[in-house]
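Geometric and topological summary
What follows is the residue order along each chain.
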Number of protein chains: 4
Amino acid sequence: MSDIAELTSHVRAFARDRDWEQFHTPKNLAMALAGEVGELLAELQWLTPEQSAQVMADPRLGPRVRAEIGDVTVYLVRLADVLGIDLVQAATDKLAEAGRRYTVEAARGRAAKISDA
Amino acid sequence: MSDIAELTSHVRAFARDRDWEQFHTPKNLAMALAGEVGELLAELQWLTPEQSAQVMADPRLGPRVRAEIGDVTVYLVRLADVLGIDLVQAATDKLAEAGRRYTVEAARGRAAKISDA
Amino acid sequence: MSDIAELTSHVRAFARDRDWEQFHTPKNLAMALAGEVGELLAELQWLTPEQSAQVMADPRLGPRVRAEIGDVTVYLVRLADVLGIDLVQAATDKLAEAGRRYTVEAARGRAAKISDA
Amino acid sequence: MSDIAELTSHVRAFARDRDWEQFHTPKNLAMALAGEVGELLAELQWLTPEQSAQVMADPRLGPRVRAEIGDVTVYLVRLADVLGIDLVQAATDKLAEAGRRYTVEAARGRAAKISDA
């Protein structure tokens, strides 16, 4: 089993064991995902870009950032499971689409959102 | 190679080919992740919980939700790569921690944030 | 002085007194605003729509929601001040634009984002 | 009437005229607010802090940032109205609390979240 499939199965069992499936609508899970992303932003908000690039070397901040990334991943995996979406395939498709719109020649050195594709 | 490792490598090459590494600080990527999560919320905001549970069956909304999930995943994978964090391990660790705090007996039927663990 | 102008002036003095102007770039303040909105979402995420409509009557949740709304307002007011934007005028202009796009006849009973205008 | 009271009344009429009150639960409005904040982040995500401080002078980006600030304000005002919260008072109270926790002496030059208060 792939690592994402295994994690998905793990999170699913976690919710089922606690009878939390009743709360896990896509709407609620998207809110929970956004709440966790908000906590991640809060860890980085006052850092300079340079400090943010070194954040994992900070013994206090590094573990907090890692924990927030973990929380975000848990809810994203759970949301995709409830929606019946293959996370990795959805990302791969979006990247292919972005690659057609942002060709290497046109995009080099000019940032753009993947989602603009 | 695992599916997440492969996707990570794919996204990394995408950024490198376009010389976008200069923009990909953790701070900027966290903002981009939050922006994509905002777009996901926007697709679900006026739906009832019941409608949100059926959203993938809607021929107009389903593909849009899937695309937003794809965008969120791309930026989360890229952020974890830049930070040097193993996404799946970070999520697994957080889930274990949540399991100790929200035991099945205490948590059954009472929703709580994973991050409260 | 209007209530928003007074609050703006109050928040500005708060930042200046603590020498926090160095941290208050629009980028950082937008992240802080998003972090506070994430905390607000976290208070509402597991509630049904009906429960959310009664949240202020809950002696535990009501004050928490009010505090999050206060935090969001502080950062929004500060961000607008730093950007030199008149919050109320910007909102009024956007509402006028939305009114032209979502005429009463066309929009009645069909939700749409203000920002789609 | 204060400027916020007038704007609140304006947004309330906008919703009532379109029979949108049915969609305007606190839960839905908080999601809409977060969606708009996501759009604001997206405008600033690839800018350096210095570029973000000059964003209003950019003829393309300035009006977009102002429009996003307007959208955020509309939903925040609407959410506070539906919750029965006085935005300005909630912010003032939170600022007073933050002032007690972050005294000028202790906080000078050290950024902290208002919400940590």
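Residues numbered from 1 in each chain as written. Chains lettered and ligands numbered in written order. Predicted model: local features only at pLDDT ≥ 70, side-chain atom pairs only at ≥ 80, totals over all residues. Heavy atoms only, no water.

The next subject is helix α4 (residues 61-83) of chain B. All names here are of chain B. Helix length check: α4, at 23 residues, gives a terminal C-alpha distance of 33 Å against a target of 33 Å (1.5 Å per residue), a fit within 8%. Within α4, 17 of the 23 residues are buried, which leaves the element mostly enclosed by the surrounding structure. Two residues or fewer after α4 comes G84, characterised by a positive phi angle close to 75°. (Helix = DSSP H or I, 4+ residues; strand = E, 2+ residues; numbered from the N terminus. Expected span 1.5 Å × (residues − 1). Buried < 20%, exposed > 50% of the residue type's maximum accessible area, 1.4 Å probe, protein only.)

Here we take up the packing of helix α2 (residues 26-44) of chain C against helix α4 (residues 61-83) of chain C. All names here are of chain C. Two numbers describe how α2 lies on α4: the axes approach to 9 Å, and their chain directions differ by 165°. With respect to α4, the axis of α2 lies roughly antiparallel. Where α2 crosses over α4, the handedness of that crossing is left-handed. Of the residues that constitute the contact of α2 with α4, the class distribution is 17 nonpolar, no polar and 7 charged. (Axes fitted to C-alpha atoms, helices over the stretch in contact; angles between N-to-C directions. Parallel < 35°, antiparallel > 145°, perpendicular 65-115°, else oblique. Left-handed = near helix turned anticlockwise from the far one by under 90°. Nonpolar A, V, L, I, M, F, W, Y, C, P; charged D, E, K, R; others polar.)

Each of the two copies of the chain can be brought onto the other by a rotation about an axis and a shift along it. At an RMSD of 0.0 Å, chain C and chain B line up after a rotation of 180° and a shift of 0.0 Å along the axis. Viewed as a symmetry operation, the transformation between the two copies matches a two-fold axis. Among all residues of chain C, the one whose C-alpha sits closest to the rotation axis is C:M31, at a distance of 3.6 Å. Both copies present the same face, since 100% of the interface residues in chain C are matched by interface residues at the equivalent positions in chain B. (Least-squares fit on C-alpha atoms with pLDDT ≥ 70 in both. Contact = heavy atoms within 4.5 Å.)

To continue, consider the interface of chain C and chain B. Each partner contributes to the interface: chain C provides 11 residues, whereas chain B provides 11 residues. Regarding the contact of chain C and chain B, the summed buried area is about 900 Å², with carbon and sulfur atoms giving 73% of it. Our count for the chain C to chain B interface comes out at 0 salt bridges. Viewed at the interface, chain B and chain C are joined by 2 residue pairs in polar contact (both at pLDDT 80 or more). Considering every element that reaches the side of chain C that touches chain B, the biggest residue donor is α2(C), with 5 residues. Taken together, the residues of the side of chain C that touches chain B sort by class into 7 nonpolar, 2 polar and 2 charged. (Buried area = accessible area lost by both parts, 1.4 Å probe. Salt bridge = Lys/Arg side-chain N within 4 Å of Asp/Glu carboxyl O. Polar contact = N/O pair within 3.5 Å; in protein donor to acceptor, adjacent residues only side chain to side chain.)

In the superposition of chain B on chain A (RMSD 0.0 Å, axial shift 0.0 Å), the rotation amounts to 180°. Both copies present the same face, since 100% of the interface residues in chain B are matched by interface residues at the equivalent positions in chain A.

Turning next to the interface of chain B and chain A. Taken residue by residue, the interface counts 72 residues in chain B and 72 residues in chain A. Buried surface at the junction of chain B and chain A, both sides included, amounts to about 6,100 Å², of which 71% is carbon and sulfur. The tally of links between chain B and chain A comes to 4 salt bridges. For the salt bridge of A:R66 with B:D93, the shortest nitrogen-to-oxygen distance reads 3.1 Å.

Evaluation of the coordinates by the stated rule reveals 16 aromatic pairs over all chains. Taken together, a centroid distance of 5.9 Å and an interplanar angle of 70° make the contact between C:Y102 and D:W20 edge-to-face. Of this pair, C:Y102 sits in the loop between α5 (87-101) and α6 (104-107) while D:W20 sits in the loop between α1 (3-17) and α2 (26-44), which puts the two residues in different chains. For C:Y102, a relative accessible area of 12% translates into the label buried. Residue D:W20 is classed as buried on the basis of its relative accessible area, which comes to 3%. Among the aromatic residues, those joined into a ring-pair cluster are A:F14, A:W20 and B:Y102. One residue, C:R101, lies across the ring of C:Y102, its end atom 5.7 Å from the ring centre. (Phe/Tyr/Trp six-rings, centres within 6.5 Å; stacked < 30°, edge-to-face > 60°. Lys NZ or Arg CZ within 6 Å of the ring centre and 35° of its normal.)

A word on the packing of helix α2 (residues 26-44) of chain A against helix α2 (residues 26-44) of chain B. Direction vectors running N to C along α2(A) and α2(B) enclose 160°, while the axes themselves pass 10 Å from each other. Classified by the interaxial angle, the pair formed by α2(A) and α2(B) is roughly antiparallel. Crossing handedness for the pair α2(A) and α2(B): left-handed. Seen from α2(A), the contacting residues are A:P26, A:K27, A:A30, A:M31, A:L33, A:A34, A:V37, A:L40, A:L41 and A:L44; seen from α2(B), they are B:P26, B:K27, B:A30, B:M31, B:L33, B:A34, B:V37, B:L40, B:L41 and B:L44. Classifying every residue of the contact of α2(A) with α2(B) gives 18 nonpolar, no polar and 2 charged.

Structurally, the position occupied by A:R18 is in the loop between α1 (3-17) and α2. A polar atom in the side chain of A:R18 sits 3.1 Å from the backbone oxygen of A:F14. Side-chain polar atoms of A:R18 contact the backbone oxygen of B:Y102, separated by 2.7 Å. Setting aside its immediate chain neighbours within four residues, A:R18 contacts B:G99, B:Y102, B:T103, B:V104, B:A107, B:R108 and B:G109.

Scope: geometric values only; no functional claims are made or implied.
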